[in-house]
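# Understanding the architecture of this molecule
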Amino acid sequence: MDGAGSSSSPLRVVVVPWLAFGHMLPYLELAERLASRGHRVSYVSTPRNLARLPPLRPAAAPRVDLVALPLPRVDGLPDGAESTNDVPDDQRELHWKAFDGLAAPFAEFMAAACADEGTRPHWVIADCFHHWVAASAVEHKVPCAMLLPTAAVIAVAQPPPTEQSGAVAETRPRYEQEELATMYDDQGASGMSLAQRWQLTKDRCALGVIRSCVEWEPESFPLVPTILDMPVVPLSLLPPSPDGGRRAGGTNGSAEHATVRWLDEQPPGSVVYVALGSEVPLPLEQVLELALGLELAGTRFLWALRKPSGAAVLDDGADMLPPGFQERTRGQGLVTTGWVPQMSILAHAAVGGFLTHCGRNSLIEGLLFGHPLVMLPIFGDQGPNARQMEAKVAGLQVARDESDGSFDRHGIASAVRAVMVDGEARRRFVAGAAKMQRVVANSERQERYIDEFVQRLRSHGAAIATGGKDTTVAPHNQLKRDSS
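Rules and cut-offs
- Residues numbered from 1 in each chain as written.
- Predicted model: local features only at pLDDT ≥ 70, side-chain atom pairs only at ≥ 80, totals over all residues.
- Heavy atoms only, no water.
- UniProt positions renumbered as here; feature names shortened; annotations may be inferred.
- Core = buried A, V, L, I, M, F, W, Y, C linked by side-chain atoms within 4.5 Å.
- Buried < 20%, exposed > 50% of the residue type's maximum accessible area, 1.4 Å probe, protein only.
- Domains from an automatic or database assignment.
- Contact = heavy atoms within 4.5 Å.
- Pairing = 2+ DSSP bridges.
- Helix = DSSP H or I, 4+ residues; strand = E, 2+ residues; numbered from the N terminus.
- Axes fitted to C-alpha atoms, helices over the stretch in contact; angles between N-to-C directions.

Per an unreviewed UniProt entry, the protein chain carries the name Glycosyltransferase and comes from Hordeum vulgare subsp. vulgare. In UniProt, the protein chain has this text filed under Sequence similarities (unreviewed entry): "Belongs to the UDP-glycosyltransferase family."

What follows is the structure, given as structure tokens:
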């Protein structure tokens, strides 16, 4: 294989993210940052997903190939349901089955790419459930790197400890423990658990890659290579550009968007921005409690409201809210149900806090602007992410019922007031968020992580090509950095 160990020749890299926009968008950032350094990237997804991505930046576009693999049809799965955002909760297993059907077209893509030394990839970078991507890479003798969740998630997502092991599990709510247990259950129609997918992918990968950095999670990142028994490198946080860049493109432009115009009329630092993502919507009864909690808190709010699970919704979203809510909070808050320019909102001087589900993208975007967090994790990695940020005093979690994860209006109001109103508490949270902002917004350091990642791809590839051992990708004791 040519070029993998050379310090000057460009790499050819295949990137295959999971079919969720929370994965596709940051790894499109990765593809662009690799391309901006002169490397050639094949970014692989399905046609409709690729069509919905933001335009490639002009500097990167000539070296990023968008590779569309048709998602196989599966009985019961709606036509066009290509991303997780398109799939109702009760049809997730059908989406997994369709996802596995991408194995054959991906194998064809790899065979064609590897047939010519001029197009043969130096690396494949696959998300953590893509066992068939890793298998195809192994078949063609192309090293594969596994995209991992944050170190905090890896630390809690291990199989439950046994009495014989002596291990101590992290204390986490019962509702999270029950959710974690489902990782080991077969996913119905797909016939494979998430844990099986993870393990099959890991066993076929030469390297683990985390969209994180040691400064973000110094307490857990150095432990990951030992936990996984594989070399692991930081990828950087891949923060978006602070000006919102290509993500702020909506039909009216971000500056003219109604939400931004409304913010223009509010005092500096007075508004809590509320956005809980769209992947796992809240039940309607919890949406009502959230609304009443915002009203009870008495602070200004801007709420990007998504359709609750199991609800039929009118265009203005009025049927998702308590009777009379919009009239009572007129002047206090704005509720919107359409697309919003999130980066432009978070960058606005009127925003002083962020009520978030703690998805990794949202955390990074919120902390890029130093906003203290009101944290309401819902699913997956969000609970560990929230506890991690709470330990750093970057925000406060909403009080929850330990058994089912439910919350009430009083818990919402109390957390919002603490972060937005209470002078002493707010000062602590603002200081904690500012400390994390210094990590996220340090573009020089984040770009350096990308450069080091590229160098490790080169050195690892060179070691494999010569039959030697990669000593550049080091064990955890060499991953420590100055986190000051």
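In this structure, Phe106, Trp216, Tyr273, Leu367 and Met389 are the most contacted members of the largest nonpolar core, which totals 79 residues. Formed jointly, this core draws a minimum of three residues from each of two domains, domain 1 (12–161 + 169–235) and domain 2 (252–441). Those residues in contact with tryptophan 216 that lie beyond four places of it in its chain are Leu237, Ile364, Leu367, Gln388, Met389, Lys392, Met436, Val439 and Val440. If you look at the next biggest cluster of nonpolar residues, it comprises 32 residues, including Phe21, Ala31, Val41 and Leu50.

This brings us to the sheet that holds strand β5 (residues 144–148). Overall, parallel pairing links the seven strands, which are arranged β3-β2-β1-β4-β5-β6-β7 in an open sheet. The strands lining the two open edges of the sheet, one partner per strand, are β3 (64–68) and β7 (232–234). Each neighbouring strand pair of the sheet contributes to a mean axis angle of 25 degrees, computed without reference to strand direction. Two strands pair when backbone bridges link them, and strand β2 (residues 40–45) and β3 are joined in this way by five bridges, in the parallel orientation. Paired with serine 42 across the bridge in β3 is aspartate 65. This element, helix α1 (residues 21–36), spans β1 (12–16), β2, β3, β4 (123–127) and β5 of the sheet and lies at about 165 degrees to β2.

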